[in-house]
Amino acid sequence: MEKGTLDRRIFTDADIYQEELEKVFGLAWLMVSHESLIPNPNDFFLSYMGEDPVIVTRDSKGEVHVFLNMCRHRGNRVVRADDGNAKNFMCTYHGWTFSNEGKLVSVPGLQEAYYGELDVENLGLVEARVDIYAGIIFACWADDAPTLEAYLGDARYYLDTSFNRRDGGQQAYGPQKWTEPVNWKTPVDNCSDNYHLPVTHLATSLAMGQFGRRSQTAFSTHKALFGSTSKHLHVNGHGLTLRIYEEGQQVQPRFGNGRTPKNNHVFQQFYESIQPELERRLGKFRANRFSLANHTLFPNGVLGFRLALPRGPLKTEFWHFVLVDKDAPDEVRRATIVGYGNNNGITGLMEQDDQDNWIQMTQSGLSPKGRKIPSNLSMGKGRWTNTDPRFPGIVSDGYISENNQRNFYSRWQEFMNAGSWKDIPVAPITANFEGTASMRS
Ligand code: FES
Ligand code: FE
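This structure is a prediction, so every number in the text was calculated from the model and none was measured.

Caption draft 1: Geometry of helix α8 (residues 264–288). Taking 1.5 Å as the rise per residue, α8 with 25 residues should run 36 Å; its terminal C-alpha atoms sit only 19 Å apart, a clear shortfall. Where α8 bends most, the angle comes to about 115 degrees, and this point is L282. Along α8, the positions that sit buried rather than exposed are F267, L278, R281, L282, R286 and A287. Each element contacted by the buried residues of α8 is listed here: α3 (155–163) and α9 (330–344).

Dropping the structure here:
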């Protein structure tokens, strides 16, 4: 990254892939679910931490747990349903049964066959650390990892404007799931890259405009993109881009997908009605002067609560969720879910534009000549140009550079060279979190 170049083998090499499952996905805090997907006691939801299948449970006392979905007897999957409600989970091989608190509560033949000698106490489900930010459930395998609050660091200052806006929280819808023949890092890198917008998504922007949907026309030309007063920034591996607003300008929140000239008045009324609450929760500056745009959460969160799950060096499984304010009017809810699907769901036009590039880039890492020639990520190198102290992080004024991409791959390299958290630096929290919004509410 010193030279702004990148060896393409990190996208295709099977040994590097196995190493990153251990060193990146084995150490990082990972998004696995959302509280609204398991709202009731004894609800559960199946998810993944990298390639490790996990059961996310809410026990009868309301406590959230994340367990490896693996029977401690011979390793069968304990739960097969995607979600549901159950106090206990019985393994379908020999019938060992685990509670939703992870305890091994029943073993056929415990006396007759094991002679009462089985170490039942220590054969519960393998449990991960759990923490929750604004309803999003994170899990981590590493005992020595910093708190989730420290892991998110100053990125939360910006994330709050999308995910932590409301007293009543948000509802997650989904996921849509699909696989793509790409390395998981390529979509992550892409989701804080704005350089591609006027080229990759030009046709989509024009089509969206034509059909009366809210288009990305603000950034459908290079002139608009390079002249923008927006910013992009990096904190602890998380890459974020922001749209900046002048005093008195109407903020366009990230959750505005699905807004059309026809339903605009409903969105508008809703946004106006919640503005005092936003100012109370986020402070006037965060509520009025910027909105979160494209962004990623290290290692594999892309554009909000959406996951790029690794499935081998050349395959990624996407999970697309949509978050909507719980009290949003039905028309806003429906339009938002459909709008996000039309952009970035499996049939989303933006998603298809992007996928085509990602697949071709992945193929370049496999061609004998191409894989010897590094990728170039030199744009804006050495130019950290933030001139406004109200924006914490490694911030660049303007909407475009490859600062976020270089920082993402540098962070990945820090994890790959570390092996434990003692060798991974965490930036101190410096943001002035005005307003009442906190990690949990
Ligand atoms: Fe689960 Fe035997 S593998 S009970
Ligand atoms: Fe894109």
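Caption draft 2: Up close: the environment of E127. Note on placement: E127 falls in the loop between β9 (104–106) and β10 (129–133). Residue classification places E127 among the partly exposed positions, given that 15 C-beta atoms sit within 10 Å. The spacing of E127 and H65 is 62 residues in sequence and 7.3 Å in space, taken between C-alpha atoms. Ignoring any residue separated from it by four or fewer positions in sequence, one finds E127 in contact with H65, V66, F67 and G102.

Caption draft 3: Geometry of the sheet that holds strand β3 (residues 43–49). Reading across the sheet, the 4 strands line up as β5-β4-β3-β6 and stay open at both edges, with antiparallel pairing between neighbours. Only two strands of the sheet have a single partner each, and these edge strands are β5 (64–68) and β6 (83–85). Taking the axes of each pair of neighbouring strands and ignoring which way they run, one obtains an average angle of 30 degrees across the sheet. As judged from the 6 bridges shared by β3 and strand β4 (residues 52–58), these two strands associate in the antiparallel manner. Directly across from M49, in β4, lies its bridge partner D52.

Conventions we followed
Residues numbered from 1 in each chain as written. Chains lettered and ligands numbered in written order. Predicted model: local features only at pLDDT ≥ 70, side-chain atom pairs only at ≥ 80, totals over all residues. Helix = DSSP H or I, 4+ residues; strand = E, 2+ residues; numbered from the N terminus. Expected span 1.5 Å × (residues − 1). Bend = angle between axes of the 7 residues up to and from the residue. Buried ≥ 20, exposed ≤ 12 C-beta atoms within 10 Å, placed from the backbone. Contact = placed C-beta atoms within 7 Å. Pairing = 2+ DSSP bridges. Axes fitted to C-alpha atoms, helices over the stretch in contact; angles between N-to-C directions.

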